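Okay, here's what each chain looks like letter by letter:
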Amino acid sequence: MSVSFEDRRRGFESKWAHDAELRFRVEARRDRLVGAWAAAEKGLTGGAAEAFVSSVIAADMEEKGDEDVFRKLRAELDAGRYSDEVIRTRMAECLEQAAAEVLKD
């Protein structure tokens, strides 16, 4: 049995949509994890910490890519204590953790 062009197109569209949803879930989880880390580093707890995490998640909606999240964290964390490399490394670690958690679900 041969697969029609239309069947292949639908299959590719379905895979693209699934992959896009997976990327969104991983990035949202990464934003929550890195936001929680930064909140703890700032000494925030309870509602203040949750509000800060929400602001990091919202920052990721400003533009495509990770630079909006990085800029938010850079603006919030003391430059003397947290270099750009430290922030980017933590973002990468949180991305790996988020991917593992999402794929496990």
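Structure: see above.
Quick caveat: nothing in here was measured; it's all calculated off a predicted structure. (Residues numbered from 1 in each chain as written. Predicted model: local features only at pLDDT ≥ 70, side-chain atom pairs only at ≥ 80, totals over all residues. Heavy atoms only, no water.)

A few points about the side chain of Arg 74
Tracing the chain through its elements places Arg 74 in helix α3 (residues 67–76). Here Leu 77 takes part through its backbone oxygen, which lies 3.3 Å from a polar atom of the side chain of Arg 74. Those residues in contact with Arg 74 that lie beyond four places of it in its chain are Ala 79, Tyr 82, Ser 83, Asp 84 and Ile 87. (Helix = DSSP H or I, 4+ residues; strand = E, 2+ residues; numbered from the N terminus. Polar contact = N/O pair within 3.5 Å; in protein donor to acceptor, adjacent residues only side chain to side chain. Contact = heavy atoms within 4.5 Å.)

Comments concerning the packing of aromatic side chains
If you walk through the whole model with that rule in mind, you get one aromatic pair. Measuring from centroid to centroid gives 5.9 Å for Trp 37 and Tyr 82, while their planes differ by 90°, and the two rings are edge-to-face. Note that Trp 37 is positioned in helix α1 (residues 5–41) and Tyr 82 in the loop between α3 and α4 (84–104), a separation of 45 residues in sequence. Since its relative accessible area comes to 14%, Trp 37 is described here as buried. When its relative accessible area of 5% is taken as the criterion, Tyr 82 is described as buried. Note that Arg 88 overlies the ring of Phe 70, its terminal NZ or CZ placed 3.8 Å from the centroid. (Phe/Tyr/Trp six-rings, centres within 6.5 Å; stacked < 30°, edge-to-face > 60°. Buried < 20%, exposed > 50% of the residue type's maximum accessible area, 1.4 Å probe, protein only. Lys NZ or Arg CZ within 6 Å of the ring centre and 35° of its normal.)

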